[in-house]
Amino acid sequence: MAAKNQQTQKPNKRKQFSSTKTDKDGSKSKKPKLLSSTPSSANPSNKLLKKPFNSSKPKREHPTHSKFKKSESGNDNKELTKRERRIQAKELAEARKKKRKPHYTLEQELASLWEKMRRRNIAKEDRSKLITEALQKMKGKIPEIAGSHVSSRVLQTCVKYCSQIERDAVFSELQPHLLTLSCNAYAVHLVKKMFDAASKKQLAGVISSLRGHVASLLRHMVGSVVIEHAYQLGNATQKQELLMELYSTELHLFKDLASIKESRLIDIISKLDLQKSSVLRHMSSVIQPILEKGILDHSMIHRVLIEYLDIADKSSAADIIQQLSGPLLVRMIHTREGSKIGMLCVKHGSAKERKKIIKGMKGHISKIAHDQCGCMVLVSIFSMVDDTKLITKIIIRQLQTTLKELALDKSARRLLLQLLHPNYSRYLNTDGLASLNLTVPSLSSKNESEIKSKKLSRDEESSKEAAKSDIPEENLDEESTKEVATTDSDMEATESGKSDTPEENLNSAEGGKKDPSLRRRELLVNSGLAENLIDVCIENAEELLTSNFGKEVIFEVAKGGSDGILHPTLDEKLNNLHEAIAELAAKPKSDESEEEHVLENFHSSRTIRKLILDCPAFASTLWKKSLEGKCQLWAQGHRLAALLRL
């Protein structure tokens, strides 16, 4: 037995020794000794050691084992084709979507119906059947699925083409959930579509349901679109109802107060005897979050800002102008009230703020110039800003590339005409001229003149009192000025709530200090704009003369501008323009050609007549080049008046 035990233990020792042996690469083997030894049947201690080892530490399965192991009977995933694997992944994705979206199957059915109903070449009867089928499937679930990017598009198509009865059913189902849907990025388009298709009664109900939530929705990036859409569709009374909530807490709480006819905030305050300080606090709490988020694209917000600047004290108005002066202003000047705010910022802003405004417009000059309201902001910049080098660099250099388009556009031509003939009522209507004269009451110089007049009246009263008494007038003047200064400072402190406001923010420029004629010459002549404009007029003389808007530009250029601003610097260029117009008039008259002659066209004949009356140099050139010896021919036409004025 001893011999057998020795024989069985010898190989075990060899294996234990070989297990600690180093590998060929020099690293020691990490295999445990107990696993390498073969237990003997004669040694029961080995069995006792092996069993608890295997039971306490089970063998770890590799991913290639068990369920991941390739089965002998079936095919593995690796043996699947690309198409089969793609189909399998699609099925897994759909299974996950079904678990996550309760109406996933319904959305798929609606999507298939939508692909058919939105075709252009489909018959109306077939489309109405598909819409009825889709609405039947969505009935009772419309508020739940309206926020999906698929079903919201289906609902928009259904609302657009369905019957009025079906549209009313959808509206009644959506109306209790309008506030929730208004803040959804996909459902907001459906809400706008419902507003467009709503009757007057339904729209009035929607606007009344928005009461109490106007300020919160205006602070929301998506909800503000719904409020603006409702504001644009509503009548004057409904617009006023939406605005009243933003003015005062009393108007927000009591609906009866909001039914007054006054539209201006100053009139509302005076009629209802509201406290101006509480109105300012409430409006600032509404406006400041909107300014911080940059939600400034809507005309409703522009109206609120105009009303706020109209009643704000000096420091509050200067703070608003400082916040708006920059790239934010570009997003506002497309509306009527927004352009007025832009002109107020240009007028009352400091030199630094004006520089920010002009730099913020970089890259958008052409779009602003062609906008009906935005062009007036550029007109105000030409009329008030003294930094002509900055204007030339950012604004005029970009305008010089599209001078022909500017001259032929109804709105953009105002920029050129403002430099050629500033503040002319024929080119700027009464509303435009009134906008240029707008001021913020607390920042305008009129208040300063009123304060000075009050001081002078007080000084006169003090001098009268000094005459009665024996006190010298000099001492009384010093005392009266001190009293006036203290009372004025107290008044400003009570209105603004702050007594130590910085002077830099309160200084308003209100127009430029430079001479207007010098500023105009630097922008028009010294910048090279006038020379390029004359070249464009020479190249496109016929097109400009016969157009409704271009005729005014070429008339002012050929005349030399008001006050002869283009003379004598550009006399040679102007003579070339006169000759180009005379050559057009010298063309022979033919009845066969479809185009009208410039002396017979409605626009060009009147423009040439005005040039003859206002510009003697052009009249002599026209006579020598085109009319001399041909008076009998042109006298037979109905344009005889132009020739008789020579």
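The rules behind the values
- Residues numbered from 1 in each chain as written.
- Predicted model: local features only at pLDDT ≥ 70, side-chain atom pairs only at ≥ 80, totals over all residues.
- Heavy atoms only, no water.
- Helix = DSSP H or I, 4+ residues; strand = E, 2+ residues; numbered from the N terminus.
- Buried < 20%, exposed > 50% of the residue type's maximum accessible area, 1.4 Å probe, protein only.
- Contact = heavy atoms within 4.5 Å.
- Areas by Shrake-Rupley, 256 points an atom, 1.4 Å probe, with all protein chains shown as cover.
- Salt bridge = Lys/Arg side-chain N within 4 Å of Asp/Glu carboxyl O.
- Expected span 1.5 Å × (residues − 1).
- Disulfide = S-S within 2.5 Å.
- Patch = residues over 30% accessible without salt bridge, like charges linked within 9 Å, V, L, I, M, F, W, Y side chains within 5 Å.
- Lys, Arg positive; Asp, Glu negative; His and termini not counted.
- Charge placed at Lys NZ, Arg CZ, Asp CG, Glu CD.
- UniProt positions renumbered as here; feature names shortened; annotations may be inferred.
- Axes fitted to C-alpha atoms, helices over the stretch in contact; angles between N-to-C directions.
- Parallel < 35°, antiparallel > 145°, perpendicular 65-115°, else oblique.
- Left-handed = near helix turned anticlockwise from the far one by under 90°.
- Nonpolar A, V, L, I, M, F, W, Y, C, P; charged D, E, K, R; others polar.
- Phe/Tyr/Trp six-rings, centres within 6.5 Å; stacked < 30°, edge-to-face > 60°.
- pLDDT = per-residue confidence, 0-100.
- Arc of directions from axis to C-beta.
- Core = buried A, V, L, I, M, F, W, Y, C linked by side-chain atoms within 4.5 Å.
- Domains from an automatic or database assignment.

- With an unreviewed UniProt entry as reference, the protein is termed PUM-HD domain-containing protein, source organism Gossypium raimondii.

## Concerning the overall build of the protein
1) Next: Along the protein, the regular secondary structure elements total 40 helices and zero strands.
2) Next: Evaluated residue by residue, the protein yields a buried proportion of 41% over its 646 residues.
3) Next: Across the protein, every contact between residues at least 6 apart in sequence was considered, and the portion connecting residues at least 24 apart equals 69%.
4) Next: In the form shown here, the protein has an accessible surface area of approximately 37900 Å², with 50% of it arising from carbon and sulfur atoms.

## A short note on the pattern of salt bridges
1) Next: The tally for this structure, following the rule as stated, stands at 14 salt bridges.
2) Next: Its salt-bridge partner being Arg336, residue Asp431 comes within 3.4 Å of it at the nearest N-O pair. A residue pair is termed long-range when its members are at least 10 positions apart, and Asp431 in helix H28 (residues 430-436) and Arg336 in helix H21 (residues 336-348) qualify at 95 residues.
3) Next: In this structure, Glu552 and Arg413 form a salt bridge, with 2.2 Å as the shortest nitrogen-oxygen distance. Taken together, the residues Glu552 in helix H35 (residues 550-559) and Arg413 in helix H27 (residues 413-420) connect sequence positions 139 residues apart. Like Glu552, the residue Arg413 is buried in the burial classification.

## What about helix H19 (residues 299-311)?
1) Next: Compared with the 18 Å implied by 1.5 Å per residue over 13 residues, the 19 Å span of H19 between its first and last C-alpha is a close match.
2) Next: A large share of H19 lies buried, amounting to eleven of its 13 residues.
3) Next: Turning to H19, its buried residues number three or more, namely Ser299, Met300, Ile301, His302, Arg303, Val304, Leu305, Glu307, Tyr308, Leu309 and Ile311.

## Considering the state of the cysteines
1) Next: Tallying each qualifying case throughout the model produces zero disulfides.
2) Next: Cys162 takes part in no disulfide bond, and the closest cysteine sulfur to it belongs to Cys158, at a distance of 6.9 Å.
3) Next: Judged by relative accessible area, Cys162 falls into the buried class, the value being 8%.

## Thoughts on a positive patch on the surface
1) Next: Together, Lys82, Arg83, Arg85 and Arg86 line one region of the surface with positive charge.
2) Next: Structurally, Arg85 is set in helix H4 (residues 82-100).
3) Next: Using a relative accessible area of 42% as the deciding quantity, one classes Arg85 as partly exposed.

## Quick word on the UniProt feature "repeat: Pumilio" (unreviewed entry) in the protein
1) Next: When the UniProt feature table is mapped onto this chain numbering, "repeat: Pumilio" (unreviewed entry) sits at residues 173-208 and 209-245.
2) Next: Overall, residues 173-208 shows 72% helix and 0% strand. The separation of its end C-alpha atoms is 17 Å.
3) Next: Here residues 209-245 is 73% helix and 0% strand, with 13 Å between the C-alpha atoms at its ends.

## Some points on the packing of helix H18 (residues 276-293) against H19
1) Next: Here H18 crosses H19 at 140°, and the two axes come no closer than 11 Å. Compared by their axis directions, H18 and H19 come out oblique. For the element pair H18 and H19, the recorded crossing hand is left-handed. Contacts between H18 and H19 pair Lys276, Val279, Leu280, Met283, Ser284, Ile287 and Ile290 from the former with Ile301, Val304, Leu305, Tyr308 and Ile311 from the latter.
2) Next: In terms of residue class, the contact of H18 with H19 is made up of ten nonpolar, one polar and one charged.

## As for the packing of aromatic side chains
1) Next: According to the stated counting rule, one finds one aromatic pair in the structure shown.
2) Next: Seen in terms of ring centroids, Tyr424 and Tyr427 are 5.0 Å apart; in terms of plane orientation they differ by 80°. Their pairing is edge-to-face.
3) Next: The class of Tyr424 is partly exposed, set by a relative accessible area of 32%.
4) Next: What makes Tyr427 buried here is its relative accessible area of 5%.

## Notes on the packing of helix H24 (residues 374-384) against helix H25 (residues 388-399)
1) Next: Packing of H24 against H25 brings their axes to within 12 Å, and their N-to-C directions diverge by 130°. The orientation of H24 relative to H25 falls into the category oblique. Taken as a pair, H24 and H25 cross one another with a handedness that is left-handed. From H24, Leu378, Ile381 and Phe382 reach across to H25, where they touch Ile391, Ile395, Ile396 and Leu399.
2) Next: Split into classes, the residues belonging to the contact of H24 with H25 amount to seven nonpolar, no polar and no charged.

## Here we look at the confidence of the model for the protein
1) Next: With 74% of its residues at a pLDDT of 70 or more, the protein shows a mean pLDDT of 80.
2) Next: Of the regions scoring below 50 in pLDDT, residues 63-75 engages in six contacts with residues more than four places distant in sequence or in other chains.
3) Next: Every residue in residues 464-509 is under pLDDT 50, and counting partners more than four places away or in other chains gives 35 contacts.

## Some points on helix H9 (residues 164-174)
1) Next: Regarding H9, the residues found buried are Arg167, Val170, Phe171 and Leu174. Viewed along the axis of H9, the buried residues span an arc of 100°, placing them on a single side of the element.

## Remarks on the nonpolar core
1) Next: One finds Met138, Leu324, Met361 and Ile395 to be the most contacted residues of the largest nonpolar core, which totals 156 residues.
2) Next: Top contributing element to this core by residue count: H24, with eight residues.
3) Next: The two domains that each donate at least three residues to this core are domain 1 (95-197) and domain 2 (530-588 + 595-645).
4) Next: Residue contacts for Leu324: discarding those within four places in its chain leaves Leu291, Leu296, Leu305, Leu329, Met332, Ile341 and Cys345.

## Quick look at the environment of His189
1) Next: Positionally, His189 belongs in helix H11 (residues 187-197).
2) Next: Judged by relative accessible area, which is 41%, His189 ranks as partly exposed.
3) Next: Put simply, His189 and Gln156 are 33 residues apart on the chain and 7.7 Å apart in space, counted from C-alpha to C-alpha.

## Section: unusual backbone geometry
1) Next: Omega for the peptide link from His567 to Pro568 comes to -10°, which places this bond in the cis form.
2) Next: Take Pro568: it is sitting in the loop between H35 and helix H36 (571-585).
3) Next: The phi dihedral of Asp273 is positive, around 60°, even though this residue is not glycine.
4) Next: Its place among the elements puts Asp273 in the loop between helix H17 (265-272) and H18.
5) Next: For Asp563, which is not glycine, the phi torsion reads 65° and is therefore positive.
6) Next: Tracing the sequence through the fold places Asp563 in the loop between H35 and H36.

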